[in-house]
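If you want the building blocks of each chain, they are given just below.
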Amino acid sequence: MLTHPEAAEAARTVLAGQIERLGDSIGGHDDARRRATLMTMVVFGVTVGRQLLEMEELRDVPTEEIARLLAQLSAPWPTQPARDGSPLRRQDAPSLRPRAH
């Protein structure tokens, strides 16, 4: 996968354009390009896993559900201790489990 130097360069060129546009839309941050690169690589990884590798856990999931889960991943995690002063715990982070309807 992208082991051919020309294919890797072509992919980098396409991704660089996407990263630049996304970074411009983020704006206002010193690390906007880095954030854009990370977001692009996460989506790229999901795309490869879903379409190329056909990962069972992603293969048949509707695009809207993947977008919802990715949005939860990118939501800010709390950086302050809980109101009662207790330290944050992993289980306090946003859940990625589907919501019950």
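Quick caveat: nothing in here was measured; it's all calculated off a predicted structure.

1. Examining the overall build of the chain
Next up, step 1: Scanning the chain from terminus to terminus reveals four helices and zero strands.
Next up, step 2: Written out in order from the N terminus, the α and β elements of the chain read α-α-α-α.
Next up, step 3: Considering the chain as a whole, with its 101 residues, one finds that 16% of them fall into the buried category.
Next up, step 4: Within the chain, contacts between residues at least 6 apart in sequence are counted, and of these 28% link residues at least 24 apart.

2. Side note on the environment of Val-46
Next up, step 1: Note on placement: Val-46 falls in helix 2 (residues 32-52).
Next up, step 2: Each C-alpha atom of the pair Val-46 and Leu-58 lies 8.2 Å from the other, and the pair is 12 residues apart in sequence.
Next up, step 3: With residues near it in sequence (within four places) discarded, Val-46 still touches Leu-58, Ile-66 and Leu-70.

3. Here we look at the pattern of salt bridges
Next up, step 1: One pass over the full model with this rule turns up four salt bridges.
Next up, step 2: Residue Arg-12 pairs with Glu-9 through a salt bridge whose shortest N-O separation is 3.0 Å. Taken together, the positions of Arg-12 and Glu-9, both in helix 1 (residues 5-26) and three residues apart, correspond to about one turn of that helix.
Next up, step 3: The class for Arg-12 is partly exposed, based on a relative accessible area of 48%.
Next up, step 4: Ionic pairing is found between Glu-65 and Arg-68, a salt bridge with its closest N-O pair at 2.8 Å. With Glu-65 and Arg-68 both in helix 4 (residues 63-74) and three residues apart, the pair spans about one turn of that helix.
Next up, step 5: Accessibility expressed as a relative area gives 22% for Glu-65, which makes it partly exposed.

Thresholds, definitions, all that
- Residues numbered from 1 in each chain as written.
- Predicted model: local features only at pLDDT ≥ 70, side-chain atom pairs only at ≥ 80, totals over all residues.
- Heavy atoms only, no water.
- Helix = DSSP H or I, 4+ residues; strand = E, 2+ residues; numbered from the N terminus.
- Buried < 20%, exposed > 50% of the residue type's maximum accessible area, 1.4 Å probe, protein only.
- Contact = heavy atoms within 4.5 Å.
- Salt bridge = Lys/Arg side-chain N within 4 Å of Asp/Glu carboxyl O.

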